[in-house]
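Per-entry structural report
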Amino acid sequence: MRTLCEEIKESDIGKEFTFKGWVMHYRDHGGLIFIDLRDYSGILQIVFDENIEGESFKTAKKLRNEYVISVTGTIRKRPEGTENDTLKTGRLELIAKSVEILNTCEVLPFQIDEESEVNEFIRLKYRYLDFRSKRLKDNLIFRSKFTHLIREFLNGKGFFDIETPFLTKSTPEGSRDFLVPSRLNNGRFFALPQSPQLFKQILMVGGFERYYQIVRCFRDEDLRADRQPEFTQLDMEMSFVENKDVISIAEELFAMLFEKLLNVKIERPFKVLDYDEAMDKYGSDKPDTRFELIIRNLTDVFENSALNVFKENIKNGGVIKAVCLPEGSNILSRKDIDELLNTAKEFGAKGLAWTKVSENNALEGGISKFISDGERSRLIAATGAKNGDIIFYQSDSKKTADNVLGRLRLHLAKKYNLINKNRLDLLWVVNFPLFEYSEEEKKIVAVHHPFTSPAVKDIEKLETDPLSVKSDSYDLVLNGEEIGGGSIRIHNSKLQETIFKILSISPEDAKIKFGFLLDALRFGAPPHGGIAFGLDRILMILRNEESIRDVIAFPKTQKAYCPLTDAPSGVNTIQLRELGIKLNENITKI
RNA sequence: GGGGCUGUAGUUCAGACGGUUAGAACGCCGGCCUGUCACGCCGGAGGUCGCGGGUUCGAUCCCCGUCGGCCCCGCCA
């Protein structure tokens, strides 16, 4: 029988137990040896005393860090004054009678649970050692609890967990596919799914009504701190629902998770922000509402501005917008303001006008001499600026001004610590546009995906003014990160065909790419909708990590390389021949 | 595809105008130590300064290239 370190209680004093685990720390005092034994539950101090058990003491002398041992002895209370309250078991210890070395350990490539940060590449190469650190272990155990609670909750709500294929059909819409060549069909390729979107809709047509899956998705795009080529979604879909039904069950799910895992009660219903309002006030479709710095529209104020740049821009349909940084005059030096101009330019700004607010709402510096008294009072009223604040202006198209100020807002908040890290701000962003015009492709493209239902009230505008059509969609935002998104889907094949037409996807193309879905919609498809959440991103935020790599057991580097397994790697010519694949001459064989 | 930062003992980092033997801490090895808990004390081993080329009497340092790592832009329906 084996006992876990942190199962031990005061009432076990005097009883004999066997523990198995790793030697975490080894302290040799000559005639007395202490080790901290670690198993997955926690840590327990073991004492070897030369005078009590000579044989086990001899073995104990040979122990080193990360040796795997089995140790048997008696639990006792630590002598008075030697308790260690930083350990859960710090008032107890095991006095060893016998010890067996189950395995030894070579010199470690890095120290486990070290204070200083270890190069991430080495941590990935020896991932099994990193798992032994408290940080990574706790993150992955948290993840396990998180998914368990999700499954328990959704199973209880009548959802069915149904698997969808990983070897599926490539669709050129959306992100770049990972391709898998087919041996039995040379010249043809499977694609790994970007998400199970079409399959879950097919399941609804099949009558399952409520589906969920915690599922891997694959996208062959460049990596970021919050982007891996394979990542995990909580994918859900429901039949006979409206957006409020999906939103409601998602809120219930998150309220449950936050309460059970973080002991945080969150208010329901969550805040809801219209897409247009989010863009207007926060310059982002995933606003971070943990701080203010709200973007104000000052176009009316500057209609007759003495600044030609402002006046001309307004005349050409542009806007003047601004953010006010409270206490900016104290926080920012003149040099800081100059640097902000460069930052703003990186964000796509043409310039960055500013004014300081001083006593009696007077304006100083920057463009203040071009602002009349009338403009000044309306400007102060609109921004709520006070003595000591700095106002930053953008004069540009609405799109550019919003984007620049949205990013500037985040930049200022991060740089000057305006974000309350203890907050968990959840909110929905709704009423996204259904389409947008892609300058690059010179055509209308879907903002979400082509199966998103238009808002019912806008359906009549589809043919006449498609870009003004809103979608029946909803994104969930946590602390300025998009953590989930969904929509009511199109369940009518005629409407779906109309959408394809607007997206310049010909009926022939639509048939080749999505024919199976269009077929399914013709055979009694129920109204349905759903949502998908980015599990890794949520866990990253809840665990206060800077990267999703720290909540994924086996992540890849920024080059999509796995230092542990050395994947991807070359394959031999026989494998390639079977697949009917020949590499370009200029590709170096590995 | 682009911008920024970065690579020196096992690990985290110093380092020098381009000039003897490249340092520290932790880890490792050996010794001493009966109440430690990041134990302590004494001693020791350990380096192709990412890789290749160039300049130079001489390069870890300067130049060119290359490989890797991290962050960001583009990209991610």
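Note that the coordinates shown come from a computational prediction; the quantities given were computed from them, not determined experimentally. (Residues numbered from 1 in each chain as written. Chains lettered and ligands numbered in written order. Predicted model: local features only at pLDDT ≥ 70, side-chain atom pairs only at ≥ 80, totals over all residues. Heavy atoms only, no water.)

Another point: the packing of aromatic side chains. Scanning the entire structure with this criterion turns up 18 aromatic pairs. Arranged with centres 6.2 Å apart and planes meeting at 45 degrees, the rings of Phe 17 and Phe 19 form a pair that is tilted. The two residues Phe 17 and Phe 19 agree in class, both being buried. On the basis of an interplanar angle of 90 degrees and a centroid distance of 6.5 Å, the ring pair of Phe 451 and Phe 500 is categorised as edge-to-face. Of the two residues, Phe 451 sits in the loop between strand E19 (443-446) and strand E20 (473-478) while Phe 500 sits in helix H13 (residues 493-502), which places them 49 residues apart along the sequence. Each member of the pair, Phe 451 together with Phe 500, is buried. Here Arg 64 stacks its cationic end above the ring of Tyr 26, 5.9 Å away from the centre of that ring. (Phe/Tyr/Trp six-rings, centres within 6.5 Å; stacked < 30°, edge-to-face > 60°. Buried < 20%, exposed > 50% of the residue type's maximum accessible area, 1.4 Å probe, protein only. Helix = DSSP H or I, 4+ residues; strand = E, 2+ residues; numbered from the N terminus. Lys NZ or Arg CZ within 6 Å of the ring centre and 35° of its normal.)

Strand order in the open sheet made by the eight strands is E6-E9-E10-E22-E21-E20-E17-E11, with mixed pairing throughout. Taken across any chain shown, the strands that pair with only one partner, and hence form the sheet edges, are strand E6 (160-161) and strand E11 (271-274). Pairing between strand E17 (residues 426-430) and E20: five bridges, direction antiparallel. The residue bridging Val 430 from the neighbouring strand is Tyr 474, located in E20. (Pairing = 2+ DSSP bridges.)

This part is about the packing of helix H4 (residues 134-156) against helix H15 (residues 535-542). It is at 11 Å that the axes of H4 and H15 come closest, and there the two elements cross at 125 degrees. Relative to H15, the element H4 lies oblique. For the pair H4 and H15, the sense of crossing is right-handed. Contact residues: Phe 142, Arg 143, Phe 146, Thr 147 and Ile 150 in H4; Leu 535, Asp 536, Ile 538, Leu 539 and Leu 542 in H15. Classifying every residue of the contact of H4 with H15 by side-chain character gives seven nonpolar, one polar and two charged. (Axes fitted to C-alpha atoms, helices over the stretch in contact; angles between N-to-C directions. Parallel < 35°, antiparallel > 145°, perpendicular 65-115°, else oblique. Left-handed = near helix turned anticlockwise from the far one by under 90°. Contact = heavy atoms within 4.5 Å. Nonpolar A, V, L, I, M, F, W, Y, C, P; charged D, E, K, R; others polar.)

In this section: a nonpolar patch on the surface. A cluster of nonpolar residues, Tyr 128, Phe 554 and Leu 564, forms a patch on the protein surface that exposes about 300 Å² of accessible area. With respect to the helices and strands, the residue Leu 564 is situated in the loop between H15 and helix H16 (573-579). (Patch = residues over 30% accessible without salt bridge, like charges linked within 9 Å, V, L, I, M, F, W, Y side chains within 5 Å. Areas by Shrake-Rupley, 256 points an atom, 1.4 Å probe, with all protein chains shown as cover. Salt bridge = Lys/Arg side-chain N within 4 Å of Asp/Glu carboxyl O.)

As a further point, take the packing of helix H5 (residues 197-205) against helix H14 (residues 507-521). Orientation of H5 relative to H14, taken along the N-to-C sense of each, is 20 degrees, at an axis distance of 10 Å. Considered as vectors, H5 and H14 are oriented roughly parallel to each other. Note on packing geometry: the crossing formed by H5 with H14 is left-handed. For the pair H5 and H14, the contacting residues are Leu 198, Gln 201, Ile 202 and Val 205 in the first and Phe 514, Phe 516, Leu 517 and Ala 520 in the second.

As a further point, take the protein's contact with RNA strand B. The environment of RNA strand B is formed by 54 residues, the closest being Asp 28, Asn 51, Arg 76, Thr 82 and His 448. Close to the protein, within 4 Å, the atoms of RNA strand B are drawn from sugar and phosphate at a rate of 51%. One of the backbone N or O atoms of Ala 446 is found 3.0 Å from a sugar or linking oxygen in RNA strand B. For the surface near RNA strand B, the secondary-structure elements that each account for two or more residues are strand E1 (16-28), strand E2 (32-39), strand E3 (42-49) and helix H2 (120-125). Residue classes in the surface near RNA strand B are distributed as 13 nonpolar, 20 polar and 21 charged. (Near = heavy atom within 4 Å. Polar contact = N/O pair within 3.5 Å; in protein donor to acceptor, adjacent residues only side chain to side chain.)

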